[in-house]
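Single-letter residue listing:
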Amino acid sequence: MEFEIHADGSVSVAMYDADGKSIPHLAQGEADRLRERALRREYEEELWHVAECCFEPDFFKGDPARSLVAHVWEAYGDELEFLWRKSPGSAVVRRKDTEKWYAVFLAVPRLKLGGSSRERVEVLNLRVRPGEIEGLVDHHSRFPAYHMNKKSWVSLCLDGTVPFEELAARLETSRRLAGK
């Protein structure tokens, strides 16, 4: 396979067999359709490999999210892990010593947090001390954790409504809670 990645993000690909002959992309018969599906899977896997090796993800658009990602790297040397291909804008951060997650960056519709809008908002899921949830959740900028255990995780909006200092302090606590 030969890939050409253009500045606008589009990709051109050419596929060749072992003899160097071009493999056409359009299927003719049933056997060709089966071969095309196999080639498509191989093509998609190779594209993911290229993306993972050659590009730095740029999913987080807001300043709070970008600042926190930088803070995680500077303070702890931990990197974002993009684990889900079906949700490429979601990333986890884990401790190196325990391999436990202590932060999850997501972009979700406000509807998923109990709001009434389909607008996507960047959130940070963090661990919290047992019993802390009740006093923390305000259903405006602090919510029961999206897609996590709601007794020990919280979702904080990264839209400027939670001060950076609080986010950084809660991130530190979450990291500590994920320790040994």
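For the structure, check the block above.
Residues numbered from 1 in each chain as written. Predicted model: local features only at pLDDT ≥ 70, side-chain atom pairs only at ≥ 80, totals over all residues. Heavy atoms only, no water.

**Here we look at the overall build of the protein chain**
So, point 1. Counting its regular elements, the protein chain contains four helices and seven strands.
So, point 2. When each of the 180 residues of the protein chain is scored for burial, the buried share is 33%.
So, point 3. By sequence separation, contacts in the protein chain at least 24 residues apart represent 46% of the contacts at least 6 residues apart.
So, point 4. Of the accessible surface of the protein chain, which amounts to about 11400 Å², a share of 52% is contributed by carbon and sulfur atoms. (Helix = DSSP H or I, 4+ residues; strand = E, 2+ residues; numbered from the N terminus. Buried < 20%, exposed > 50% of the residue type's maximum accessible area, 1.4 Å probe, protein only. Contact = heavy atoms within 4.5 Å. Areas by Shrake-Rupley, 256 points an atom, 1.4 Å probe, with all protein chains shown as cover.)

**Things to note about helix H2 (residues 63–76)**
So, point 1. A rise of 1.5 Å per residue sets the reference length of H2, with its 14 residues, at 20 Å; its end C-alpha atoms lie 20 Å apart and thus fit the reference within 8%.
So, point 2. Among the residues of H2, Ala65, Leu68, Val72 and Tyr76 are the ones counted as buried. Looking straight down H2, one finds its buried side chains confined to an arc of 60°; they lie on one side. Turned more than 90 degrees from where H2 packs its buried face, Asp63 and Glu74 sit exposed.
So, point 3. Looking at the buried positions of H2, the neighbouring elements they touch are strand E3 (91–94), strand E4 (101–109), strand E5 (120–127) and helix H4 (164–177).
So, point 4. Downstream of H2 by one or two residues, Gly77 has phi in the positive range, about 70°. (Expected span 1.5 Å × (residues − 1). Arc of directions from axis to C-beta.)

**Remarks on the nonpolar core**
So, point 1. Residues Tyr102, Leu124 and Leu171 are the most contacted members of the largest nonpolar core, which totals 23 residues.
So, point 2. Only H2, E3, E4, E5, helix H3 (133–136), strand E7 (153–157) and H4 provide two or more residues apiece to this core.
So, point 3. In terms of residues, this core owes the most to one element, H2, which gives four residues.
So, point 4. Of all hydrophobic cores here, the second largest spans 12 residues; its members include Leu113, Val121, Val123 and Trp153. (Core = buried A, V, L, I, M, F, W, Y, C linked by side-chain atoms within 4.5 Å.)

**Some points on the side chain of Arg94**
So, point 1. Locating Arg94 in the fold gives a position in strand E3.
So, point 2. A distance of 2.7 Å separates polar atoms of two side chains, one belonging to Arg94 and the other to Glu81.
So, point 3. At 3.1 Å, the side chain of Arg94 forms a polar contact with the backbone oxygen of Glu99.
So, point 4. Discounting residues that sit within four places of it in the chain, Arg94 has contacts with Asp78, Glu81, Leu83, Glu99, Lys100, Trp101 and Tyr102. (Polar contact = N/O pair within 3.5 Å; in protein donor to acceptor, adjacent residues only side chain to side chain.)

**Topic: the packing of H2 against H4**
Geometrically, a packed helix pair is captured by the angle between its two axes and the distance between the axes.
So, point 1. In contact at an axis separation of 11 Å, H2 and H4 are set at 45° when each is read in the N-to-C sense. Put simply, H2 runs oblique to H4. Seen along the crossing, H2 lies across H4 with a hand that is right-handed. Across the interface between the two elements, Ser67, Leu68, His71, Val72 and Tyr76 of H2 pack against Phe164, Leu167, Ala168, Leu171, Glu172 and Arg175 of H4.
So, point 2. Considered class by class, the residues forming the contact of H2 with H4 number seven nonpolar, two polar and two charged. (Axes fitted to C-alpha atoms, helices over the stretch in contact; angles between N-to-C directions. Parallel < 35°, antiparallel > 145°, perpendicular 65-115°, else oblique. Left-handed = near helix turned anticlockwise from the far one by under 90°. Nonpolar A, V, L, I, M, F, W, Y, C, P; charged D, E, K, R; others polar.)

**What about the packing of aromatic side chains?**
For any pair of aromatic rings, the description rests on two quantities: the centre-to-centre distance and the angle between the ring planes.
So, point 1. Within the structure shown, the criterion is met by one aromatic pair.
So, point 2. Centroid distance Tyr76 to Tyr102: 6.1 Å. Interplanar angle 80°. Geometry classified as edge-to-face. You can see Tyr76 sitting in helix H2 and its partner Tyr102 sitting in strand E4, a full 26 residues away along the chain. The same class applies to Tyr76 and to Tyr102, which are both buried. (Phe/Tyr/Trp six-rings, centres within 6.5 Å; stacked < 30°, edge-to-face > 60°.)

**A few points about the environment of Pro163**
So, point 1. Take Pro163: it is sitting in the loop between E7 and H4.
So, point 2. Between the alpha carbons of Pro163 and Pro64 there is a distance of 8.7 Å; along the sequence they are 99 residues apart.

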